[in-house]
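Structural description and commentary
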Amino acid sequence: MKQYAVPFAALCFSGLALLGCSDNDNNQPSSAGSDSNSTDGIAGVWQSDQQVLVLEANGDLYLPADTNLQGLRWEQQEDNFTFHYLDNREKKVTEATASGQQQDDLLTLTPTTSSPSNLKEANSENTEESGSDINEETDNASSSPLFSGDYQRANLAVAHISGTATRPQNSELPDNAVLTVALLDNQIDTSDPTAQLISKRLIRLDEDKTDVPFRLYYLPEDLKTDHEYQIISQIVADGGLFYQSDAVTLKGNKQGFADIILPLNEVMTDSETLRGAITRGKPGQHRDIFTLCNSDQQLLIRGPQSGDLLSAYDNAIRYPQQPRVAIVSGLVRKVPGQQADSTETALIVESFELETGMDNCQLPTAELINTRWQLTHLGEDRIILGNSAHVPTLTFNAEGNVKGHGSCNSLSGNYLLDDHQLALSDLATTRKACSTSVIEDLFFKAIKASDHFRIDGEWLTLFDEKDEPLASFQTVYL
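Read on for a plain summary of the structure. Quick caveat, the model's predicted, so the values are computed rather than measured.

A look at the sheet that holds strand β23 (residues 343–354)
Whenever strands of a sheet pair, they do so through backbone hydrogen bonds, lying parallel or antiparallel. A barrel is described by the order of its strands in space; here five strands give the closed sequence β19-β20-β21-β23-β22, paired in mixed fashion. Adjacent strand axes in the sheet meet at a mean angle of 55 degrees when their direction is disregarded.

Shown next as structure tokens:
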């Protein structure tokens, strides 16, 4: 399928995209500096304006001043540096290179690759879809590279908390297991999205090690004296939460914190077999949904077999978002939500079987009238529009009028409804010129050719007289 795309800003961090990254392959923290500003070697803490680099002697990289970035590791070959880090906004591990010159307590970095923040994102968010992307807009905004400029040695500019996360002896780890350790501001309920995250690390785990040492760097000014904080650890894999520690309360003080032990306890172990229908979300946003039959309960689709399940669904449908029932065995678990430190419920797929029909599987169904329908597909081609563009919509009222928007121009007209037959007529539009005119023209052409429709749960599809799909929409309730 083709994808029509308009660039849009990356969204919040999701732990699900990180499962292959490593904080420290040998799981052994190594001190970056000392209590005084040492001038021995390149390892240590370097500061340039608001950017702080912690270069540990064992190759670990920390970026404590930027909550959108997590340093992973750094490498040096003569005067060339490579920095590996996680960009939470792009939800992927990124690499940047720079040449560097050190003179006593001054380190000058000159980028040799473009900052990933300057790269256009539109075509990167969904590498699994076939076909081409059509980009209607170009984002010319740029920002300074991340590893650039003059850095002064400043080992006293950061502080850290050290500790060990432990899981039970003889416990088993799932594939791609990752340990997370987070320092939160006075946070009791870890599902509360309003929590203020001070620092967070993700560490790839070794099956043979039940004790995992960690270090969390933070800026001293981020912690207030006599203010309470909490630290918590989890083990996640493919989006599922498998182990979690109790939250340990800490009180900020000028002397720092003693080493902390975080015992991890197993969370949920039994598989379930569930029957429900699959619907697809936007590419790259991991919002594919499994709706339980005869229920309004919806679960995100996650886990090691989720890709196979979704591929089987894509190959089985005749038109976009046609519901297909599947029997899925897996674990129902809490996974990171769209907002920081929130959670949602997901089905971690272990095995599945697609059914051919919808027998005995009723889904919550939207009404054609008085529902705002938001465009998702033209024909079989997915439409990707970001926050900067107006997504095409249609709304039908009870008096036989239709109103909508084509992403640039508004439209109005009439419609005739006879059972599932639907014909739009007397359509009129405004005449503004916009960069999204290609999508808008295709949209107007599609709805004018409408002959009949289907509503599948919360999805509307318009068909022509040959029963070919013209346009698909998702509900936005008024």
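More follows now that the structure is in view.
Some remarks on helix α1 (residues 306–316)
Residues Ser306, Leu309, Leu310 and Tyr313 constitute the buried set of α1. Down the axis of α1, the sector holding all buried residues measures 90 degrees, keeping them to one side.

Points about the state of the cysteines
Counted under the stated rule, the structure contains one disulfide. Two residues share a disulfide in this structure: Cys293 and Cys361, whose sulfurs sit 1.9 Å from each other. Given an S-S torsion of about -90 degrees, the disulfide between Cys293 and Cys361 has left-handed geometry. Of this pair, Cys293 sits in the loop between β20 (289–292) and β21 (298–302) while Cys361 sits in the loop between β23 and β24 (371–378); the two residues are 68 residues apart in sequence, bridging distant segments of the chain.

So, helix α2 (residues 437–448)
Between its first and last C-alpha atoms α2 spans 16 Å; for 12 residues at 1.5 Å apiece the expected length is 16 Å, and the two agree. Within α2, the full set of buried residues consists of Ile439, Glu440, Phe443, Phe444, Ala446 and Ile447. Axial view of α2: buried residues confined to an arc of 160 degrees, hence all on one face. Of the exposed residues in α2, those oriented more than 90 degrees away from the buried face are Asp441, Lys445 and Lys448.

Here we look at the side chain of His452
With respect to the element layout, His452 can be found in strand β30 (residues 452–456). Within the structure, His452 has its side chain in polar contact with the side chain of Asp467 (distance 2.8 Å). Ignoring sequence-local partners within four residues, the contact set of His452 consists of His420, Gln421, Leu422, Thr461, Leu462, Phe463, Asp464 and Asp467.

Comments concerning unusual backbone geometry
Residue Glu78 is not a glycine yet carries a positive backbone phi of 55 degrees. As for its position among the elements, Glu78 is in the loop between β5 (69–77) and β6 (80–87). On the basis of relative accessible area, Glu78 is assigned to the exposed category, the value being 71%. With a phi angle near 65 degrees, Asp467 is a residue other than glycine that sits in the positive phi range. Within the fold, Asp467 resides in the loop between β31 (459–463) and β32 (469–477).

Re the sheet that holds β5
In spatial order, the strands read β4-β3-β2-β10-β8-β7-β6-β5; together these eight strands make up an open sheet with antiparallel pairing. Across the chains shown, the open sheet's two edge strands, defined by having one partner strand only, are β4 (61–62) and β5. Here β6 runs beside strand β7 (residues 92–103); their pairing, made up of eight bridges, is antiparallel. Pairing of Leu86 across the sheet is with Val93, part of β7.

Here we look at the packing of aromatic side chains
With the rule as written, the count across this model stands at nine aromatic pairs. Ring centres of Phe443 and Phe473 lie 6.2 Å apart, and the angle between their planes is 65 degrees; this geometry places the pair in the edge-to-face category. In this pair, Phe443 is assigned in helix α2 and Phe473 in strand β32, connecting sequence segments 30 residues apart. Assessed through its relative accessible area of 0%, Phe473 is described here as buried. Put simply, the rings of Trp74, Phe81, Phe83, Tyr85 and Phe147 touch in pairs and so form one group of aromatic residues.

Concerning the side chain of Gln322
Tracing the chain through its elements places Gln322 in the loop between α1 and β22 (324–336). A polar atom in the side chain of Gln322 sits 2.6 Å from the backbone nitrogen of Arg318.

A word on the pairing of β20
Neither face of β20 is open: one carries Ile289 and Thr291, the other Phe290 and Leu292, and all of them are buried. In the sheet, strand β19 (residues 272–279) pairs with β20 via four bridges, with the strands oriented antiparallel. When the bridges of β20 are listed, Thr279 appears paired with Ile289. Of the strand pairs in this sheet, β20 and β21 are connected by three bridges, and their pairing is antiparallel.

With respect to the environment of Gly59
Along the polypeptide, Gly59 turns up in the loop between β3 (51–55) and β4. Its relative accessible area of 14% is what places Gly59 among the buried residues. Separated by 14 residues in the primary sequence, Gly59 and Arg73 place their C-alpha atoms 5.4 Å from one another. Once residues lying within four places of it in the same chain are set aside, the contact partners of Gly59 are Leu72, Arg73 and Trp74.

Points about the pattern of salt bridges
Enumeration over the complete set of coordinates arrives at nine salt bridges. Among the salt bridges present, the one from Asp314 reaches Arg280, with a minimum N-O distance of 2.7 Å. Here Asp314 is found in helix α1, whereas its partner Arg280 is found in the loop between β19 and β20, with 34 residues between them in sequence. With a relative accessible area of 31%, Asp314 lands in the partly exposed category. For Arg280, a relative accessible area of 12% gives the class buried. The residue Arg287 makes a salt bridge to Glu344 at a minimum N-O spacing of 2.8 Å. Of this pair, Arg287 sits in the loop between β19 and β20 while Glu344 sits in strand β23; the two residues are 57 residues apart in sequence, bridging distant segments of the chain. On the basis of relative accessibility, which here comes to 21%, the residue Glu344 falls in the partly exposed class.

Thresholds applied
Residues numbered from 1 in each chain as written. Predicted model: local features only at pLDDT ≥ 70, side-chain atom pairs only at ≥ 80, totals over all residues. Heavy atoms only, no water. Pairing = 2+ DSSP bridges. Helix = DSSP H or I, 4+ residues; strand = E, 2+ residues; numbered from the N terminus. Axes fitted to C-alpha atoms, helices over the stretch in contact; angles between N-to-C directions. Buried < 20%, exposed > 50% of the residue type's maximum accessible area, 1.4 Å probe, protein only. Arc of directions from axis to C-beta. Disulfide = S-S within 2.5 Å. Expected span 1.5 Å × (residues − 1). Polar contact = N/O pair within 3.5 Å; in protein donor to acceptor, adjacent residues only side chain to side chain. Contact = heavy atoms within 4.5 Å. Phe/Tyr/Trp six-rings, centres within 6.5 Å; stacked < 30°, edge-to-face > 60°. Salt bridge = Lys/Arg side-chain N within 4 Å of Asp/Glu carboxyl O.

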